[in-house]
Every structure is written in structure tokens, then in C-alpha cells.
Amino acid sequence: EEFDVADCVRSAIEKLRATDRLRFEELFPVNAPRGFVVATFVGLLELLKMGVVDAEQDGPRASIVLVLIDRSVDDRVFDLIGTYGAGDAPPEQVS
């Protein structure tokens, strides 16, 4: 099964907007397909690179916590979607 990076990014941003801070493992449903995990991880790396999201960890074995840095992320997400394709939903549905 294939998963679109842009769709996974939309999902991650929606979760982060709801809480501002999210443990990395909370991005993925229980028994998430490998393709979903890979597509989400690739998108997350891009969001980190763009400065939209930050990652924090209190120690080597502590959970990684994702923090939404830029709540007005739409333009950057559109850039990311342009890189990986539009996915199933048009970009204007990103909120």
C-alpha cells in the first residue's frame, strides 16, 4: 500500500495544531502500515528542515516530543506538497 507524503504531513500538522506538543509515537496509529510511518517520517524531516516543527528530547531514552513552531504553516506546507505531489486532497484544504 502506498501513502502520500503530503497527506501524511497534513495529518501530522492537524494533530500538532490541536495540541502544540506531541510525542513522536503519537503521530502513528497502533499497527500503522510501514508505508504510512515512512511517508510521515519523510514529511516530518522536511518540516524540521523548514523550521515549522522542532523536536525535543530530555535524554537518550526519553520520548521525542514534536513542537509546532510556526502555526501559520500553510505556505511552507504548500511548498512541501509541491515537492512530493498534491496527494488526494487539494492544498487549499490544509488548515
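About the thresholds
- Residues numbered from 1 in each chain as written.
- Predicted model: local features only at pLDDT ≥ 70, side-chain atom pairs only at ≥ 80, totals over all residues.
- Heavy atoms only, no water.
- Salt bridge = Lys/Arg side-chain N within 4 Å of Asp/Glu carboxyl O.
- Buried < 20%, exposed > 50% of the residue type's maximum accessible area, 1.4 Å probe, protein only.
- Phe/Tyr/Trp six-rings, centres within 6.5 Å; stacked < 30°, edge-to-face > 60°.
- pLDDT = per-residue confidence, 0-100.
- Contact = heavy atoms within 4.5 Å.

What follows deals with the pattern of salt bridges. Note that side chains of opposite charge can pair when their charged atoms are close. Here the structure, examined in full by the defined rule, presents five salt bridges. One salt bridge in this structure joins arginine 23 and glutamate 26, with 3.5 Å as the shortest N-O distance. You can call arginine 23 partly exposed: its relative accessible area is 37%. Judged by relative accessible area, glutamate 26 falls into the partly exposed class, the value being 38%.

Following the criterion strictly, the structure yields four aromatic pairs and no others. Aromatic side chains phenylalanine 24 and phenylalanine 28 sit 5.2 Å apart centroid to centroid with 75° between the ring planes, which places their arrangement in the edge-to-face category. Judged by its relative accessible area of 23%, phenylalanine 24 is partly exposed. Considering the side-chain rings of phenylalanine 28 and phenylalanine 36, the 6.2 Å spacing of their centres and the 90° angle between planes classify their relative orientation as edge-to-face. Given a relative accessible area of 16%, phenylalanine 28 falls into the buried group. Classification of phenylalanine 36 as buried rests on a relative accessible area of 14%. One aromatic cluster is present, formed by Phe3, Phe24, Phe28, Phe36 and Phe41 through successive ring pairs.

Moving on to the confidence of the model for the protein. In the predicted model, the protein carries a mean pLDDT of 82, and 77% of its residues have values of at least 70. In this model, residues 89-95 is a region of pLDDT below 50 whose contacts with residues beyond four sequence positions or in other chains number 15 contacts.

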